[in-house]
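# Chain and residue survey
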Amino acid sequence: MVSLALMCFAGCRQEQDKTIDEVLRKMTLEEKARIIVGTGNEGRWVAEASVGNMKDVVPGAAGTTCPIERLSIPFVILSDGPAGVNIDSTREHEAGTFYCTHFPVGTALASTWNSELVETVGRTIGDEAAHYGVDVVLGPGMNIHRHPLNGRNFEYYSEDPLLTGKTAAAMIRGIQADGVAACPKHFAANNQETNRMGNDVRVSQRALREIYLKGFEIAVREGNPKALMTSYNKINGISVSERHDLVTDFLREECGFSGVVVTDWYGGDHPEEQMKAGNDLIMPGQQWQVDSIVHAVNAGRLDISYVDQCVRRILKLVYAAPRNRDGHACDNHPDLKAHAAIARQSATEGIVLLKNDKQALPIAPAAKEIALFGCASYDYIPGGSGSGDVRRAYTVSILQGLQNAGYGLDPQLASRYADFIGKSIAAGQTKVTARFADMVRVRPDEMPLAEAEIAAQARRADYAVITLGRTCGEYYDRTSSDFELSPEERALLENVCRIFHAAGKRVAVVLNIGGVVETASWKHLPDAILCAWQLGQEGGNSVADVLSGRQSPSGKLPMTFPVRLDDIGANANFPVDQTSDVVSMASRRIDRGERNVDYTCYEEGIYVGYRWFDSRQVEVSYPFGYGLSYTTFAYSDLKVQQGEEEITVSVDITNSGTAEGREVVQLYVSAPAASMDKPAKELKAFAKTASLTPGEKATVSLVVKVEDLRSYDEGAKQWKLEPGTYKVMVASSSRDIQATESIEIENWGN
Ligand code: BGC
């Protein structure tokens, strides 16, 4: 067991001054193997499997590297995650609280389409990590939304690799601004939770390159992360952490990644294959993995140079870590108040206005009393469960947010809901085993309300708000019934809309969701719909900011809202409702050859999200890139300048409405009909204007590299630029093209 006295590391400063090679020369094989294998995450879920015990250094952290006392080699602490630092909020041996700020989930951050803002969120997470002694933040999560039912989509950004990569790069730059390392995850094609540790992704090279690796490529090139996490799944038969072609050839050699590659927790089966592939750190670490590396070297199966290479990279990370730098002290006192303001700002900007008939929103200033329906209005869902959760100090519910904004809310209705929620959570909790308690959020069903009660509310209040909520989290994929509205929700929606409309009053629906839900069958009912995602601890205030008009909504959807699940390209090849019990999902299951569970065929190829819907002309409920504002925007004066290497596009955006607002301008390119199969259009750049007052104009400039117009030619095993006429389109969503120009691309030295 590792003693806590090691934390002092008397001689470590001198040792740091020596070269890593010198340290490496002094290490025994056993010590090298130990540093490659983490110290376990005792105190979390699997105590018996751990190599050592470092749980008291930063309680609740996901893991640590192993310190080597003999050589004064210090350690680093790794902690989740994508929506804020995930550590315990109380400690056994220390007084006080250790809360972290719960930011909006990844999907909500991507909905801002604002890289600067995401970078600020990242900087804040990095700052909190440094204050709490966390050296590596296990985030951002950046897998592609291949199917809306993936249980962890909430942690991820988008169905589009460019938006994913740009958002991730911004988050990485932010987290790393002051020395903490970011660890983007899960590389790659980790798109379902069902049998997540055993699933074999069968995917074409083209789809891999253009869709599933592309975001990582952008994130590495533009964010330069110091670490990166390989995923649990296999790709075409081999675990990602054991694939030299992905970890070394692609990531390191092609993309220029120079940091530490970390396994996902308990991911991969063969440490020696992981070393050979270039996966440096095995987490959280088990004794058999140390033994296996030592044996493999001694038996001549694993060349020591592979081991040395991994150790060298890990030592570089360790010595550069904040906790091992001169003068660094973690004071456990981040500025939580200032960070909450950033959480609120980013949450507000992530809200997407889906519908706003006859300017139903913002709520007119004359409306003072609101009737608030739906359990999630009172029991707001700030984020998903599992490693992406955050131990926050508080959650602002929508009830509180509206009260803070000065609205009147019926205390009797509030206490009816509180009572109902309390009882159903207590009843539901008995179904959850203790081991998985922190991974499953028990949610109440919707509370039935008699029509007479709704009518009484319609007499009392000026406006109705209904919140529909969905939980989601690690280990589970969502089900088709989770995508649909429940009968209770539908009844509530229908009754409230009918009764309030009869009284001449308006109804807004707020979606408090981590992933896409069905909207096509009911969106005609309310006057307005806000997609408010899971916005973190300040969620209620942010929703009130938008409902009241304090802020004009400026988020846009980072994915498509389909009409039906069946309409999705990947639907036949996703485990829709195939999820079984939590325990078998928690661990790697024996391969029974079950389609979509043991293996998943990505038959849709590159046709993911809008690439599918737009190319196949499938009707959608809300398209990719869509989102309304309280104002309107006019596009004019599109200019396209074509250079050798770059295409520069500029367009004027004028606020043509009556409120202040920001527009997200999207640039799509449509390739010529050529030898390669191409999607109808692909996002190639985007930008968000500053806040424009009515009548104000801004010129937006966007740059596309000519090389980014290439597609991956599987036969030739290289990227290929098709010559011909390309359409350059500026758009306010993937289905709302505002202006188009054509450019000619010549043969380009393919
Ligand atoms: C998750 C990772 C997480 C790790 C450490 C794994 O179960 O897949 O995303 O970073 O645990 O908590």
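Predicted, not measured: the structure shown is a model, and the values here were computed from it.

Turning our attention to the overall build of the chain. Scanning the chain for helices and strands turns up 22 helices and 27 strands. Its C-alpha atoms give the chain a radius of gyration of 26 Å, near enough to 27 Å, the size a compact globule of 750 residues would have. In terms of overall dimensions, the chain has a C-alpha envelope of 80 × 65 × 55 Å along the principal axes. Looking at the 750 residues of the chain, the share that counts as buried comes to 64%. Across the chain, the fraction of contacts at a sequence separation of at least 24, relative to all contacts at a separation of at least 6, is 77%. By element, 48% of the accessible surface of the chain is carried by carbon and sulfur atoms, the whole surface being about 26400 Å².

Moving on, we get to the domain arrangement of the chain. Along its sequence, the chain is carved into domain 1 (4–324), domain 2 (342–555) and domain 3 (633–745). One C-alpha centre belongs to domain 2, the other to domain 3; they are set 35 Å apart.

With that out of the way, let us pick up the sheet that holds strand E4 (residues 181–182). Spatially, four strands are ordered E1-E2-E3-E4 in an open sheet, and the strand pairing comes out mixed. If you trace the sheet from one side to the other, it starts and ends with strand E1 (63–64) and E4, each paired once. Note: E1 against strand E2 (residues 77–80), two bridges, orientation antiparallel. Within E2, the position partnered with Gly-63 by the bridge is Leu-78.

It is worth spelling out the site of the ligand at this point. Around the ligand lies a shell of 14 residues, among which Asp-80, Arg-152, His-186, Asp-264 and Glu-474 are the nearest. Here an oxygen atom of the ligand and a side-chain polar atom of Tyr-232 are 3.0 Å apart. With respect to the ligand, the side chain of Asp-264 contributes an N or O atom lying 2.7 Å from an oxygen atom. Partitioned by chemical class, the residues of the shell around the ligand number five nonpolar, two polar and seven charged.

Here the focus is unusual backbone geometry. With an omega of 5°, the peptide bond running from Gly-139 to Pro-140 counts as cis. Position of Pro-140 relative to the elements: it lies in the loop between strand E3 (136–138) and helix H6 (161–175). Here the amide bond leading from Leu-361 into Pro-362 is cis, since omega sits at -5°, within 30 degrees of zero. By the element assignment, Pro-362 lies in the loop between strand E10 (352–356) and strand E11 (369–373). With phi around 50°, Asn-195 is a residue other than glycine that occupies positive phi space. With respect to the helices and strands, Asn-195 occurs in the loop between E4 and strand E5 (200–202). Take Asn-195: its relative accessible area is 0%, and that puts it in the buried class. One non-glycine residue with positive phi stands out, namely Lys-717, at about 55°.

Bringing helix H20 (residues 539–548) into the picture now. With nine of 10 residues buried, H20 lies mostly within the body of the structure. Buried residues of H20: Gly-539, Gly-540, Asn-541, Ser-542, Val-543, Ala-544, Asp-545, Val-546 and Leu-547, and no others. Buried residues belonging to H20 abut helix H13 (336–350), helix H15 (398–404), strand E13 (463–469), strand E14 (506–512) and strand E15 (528–531). Positioned one or two residues after H20, Gly-549 has a phi angle of 90°, which is positive.

Our focus in this paragraph is the layout of surface pockets. When its volume is computed, the second largest pocket comes out at roughly 690 Å³. Mapped by element, the contributors of at least two residues to the lining of the second largest pocket are H6, helix H8 (214–223), strand E22 (682–688) and strand E23 (697–705). Here the lining of the second largest pocket gets six residues from one element, more than from any other, and that element is E22. Of the residues in the lining of the second largest pocket, the class split is 11 nonpolar, one polar and 15 charged. Looking at the lining of the second largest pocket, you find at least three residues from each of domain 1 (4–324) and domain 3 (633–745).

Glancing now at empty space enclosed by the protein. Applying the stated criterion to the full structure yields three cavities of 30 Å³ or more. Its volume calculated, the largest cavity comes out at about 120 Å³. If you trace the largest cavity, you find 17 residues lining it, with His-145, Arg-146, Pro-148, Glu-159 and Ile-568 closest to the centre. Grouping the constituent residues of the lining of the largest cavity by class yields 10 nonpolar, five polar and two charged.

Now for a negative patch on the surface. Taken together, Glu-644, Glu-645, Glu-646, Glu-707 and Asp-708 make up a surface patch of like negative charges. Mapping Glu-707 onto the fold places it in the loop between E23 and strand E24 (711–713). Of the residues examined, Glu-707 reaches a relative accessible area of 35% and is grouped as partly exposed.

Applying the stated criterion to the full structure yields zero disulfides. Of the cysteine sulfurs around Cys-255, a residue in no disulfide, the closest is that of Cys-183, at 15 Å. Take Cys-497: it sits in no disulfide, and the sulfur closest to it among the cysteines is that of Cys-375, at 17 Å. On the basis of relative accessible area, Cys-497 is assigned to the buried category, the value being 3%.

This paragraph deals with H13. Over its 15 residues, H13 runs 21 Å from end to end, which matches the ideal 21 Å to within 8%, given 1.5 Å per residue. Every buried residue belonging to H13 is among His-339, Ala-340, Ile-342, Ala-343, Ser-346, Ala-347, Thr-348, Glu-349 and Gly-350, and all of these are buried.

Counting across every chain of the model gives 14 aromatic pairs. Where Tyr-212 meets Tyr-602, the ring centres are 5.2 Å apart and the plane angle is 65°; that geometry is what we call edge-to-face. Here Tyr-602 lies in the loop between strand E17 (599–601) and helix H22 (610–615) and Tyr-212 lies in helix H7 (residues 205–212), a separation of 390 residues in the sequence. Judged on exposure class, the residue Tyr-212 and its partner Tyr-602 are both buried. Plain terms: the ring middles of Phe-373 and Phe-500 are 6.0 Å apart, the flat faces sit at 85° to each other, and that makes the pair edge-to-face. Of this pair, Phe-373 sits in strand E11 while Phe-500 is found in helix H19 (residues 487–502), placing the two residues 127 residues apart along the sequence. We classify Phe-500 as buried; its relative accessible area is 0%. An aromatic cluster of at least three residues, connected via ring pairs, comprises Trp-113, Tyr-610, Phe-624, Tyr-668 and Phe-686. The ring of Phe-98 is capped by Arg-91, whose NZ or CZ atom sits 3.7 Å from the centre of that ring.

Attention now goes to the pairing of strand E21 (residues 664–670). Of all seven residues making up E21, seven are buried, and the element is well covered by its neighbours. Neither face of E21 is exposed, since Val-664, Gln-666, Tyr-668 and Ser-670 on one face and Val-665, Leu-667 and Val-669 on the opposite face are all buried. Examined bridge by bridge, E21 and E22 share six bridges and lie antiparallel to one another. Considered in E22, the bridge of Val-665 is made with Ala-687. Sheet analysis places E21 next to strand E26 (residues 724–733), joined by five bridges and oriented antiparallel. The residue of E26 that forms the bridge with Gln-666 is Ala-731.

Each value, and the rule that gives it
Residues numbered from 1 in each chain as written. Predicted model: local features only at pLDDT ≥ 70, side-chain atom pairs only at ≥ 80, totals over all residues. Heavy atoms only, no water. Helix = DSSP H or I, 4+ residues; strand = E, 2+ residues; numbered from the N terminus. Rg over C-alpha atoms; globule rule 2.2 N^0.38 Å. Buried < 20%, exposed > 50% of the residue type's maximum accessible area, 1.4 Å probe, protein only. Contact = heavy atoms within 4.5 Å. Areas by Shrake-Rupley, 256 points an atom, 1.4 Å probe, with all protein chains shown as cover. Domains from an automatic or database assignment. Pairing = 2+ DSSP bridges. Near = heavy atom within 4 Å. Polar contact = N/O pair within 3.5 Å; in protein donor to acceptor, adjacent residues only side chain to side chain. Nonpolar A, V, L, I, M, F, W, Y, C, P; charged D, E, K, R; others polar. 1 Å grid on protein atoms, 1.4 Å probe; cavity = no way out; pocket = protein on both sides within 12 Å on 5 of 7 lines; lining within 4 Å. Points joined across faces, edges and corners; volume = space filled by probe spheres on them. Patch = residues over 30% accessible without salt bridge, like charges linked within 9 Å, V, L, I, M, F, W, Y side chains within 5 Å. Salt bridge = Lys/Arg side-chain N within 4 Å of Asp/Glu carboxyl O. Lys, Arg positive; Asp, Glu negative; His and termini not counted. Charge placed at Lys NZ, Arg CZ, Asp CG, Glu CD. Disulfide = S-S within 2.5 Å. Expected span 1.5 Å × (residues − 1). Phe/Tyr/Trp six-rings, centres within 6.5 Å; stacked < 30°, edge-to-face > 60°. Lys NZ or Arg CZ within 6 Å of the ring centre and 35° of its normal.

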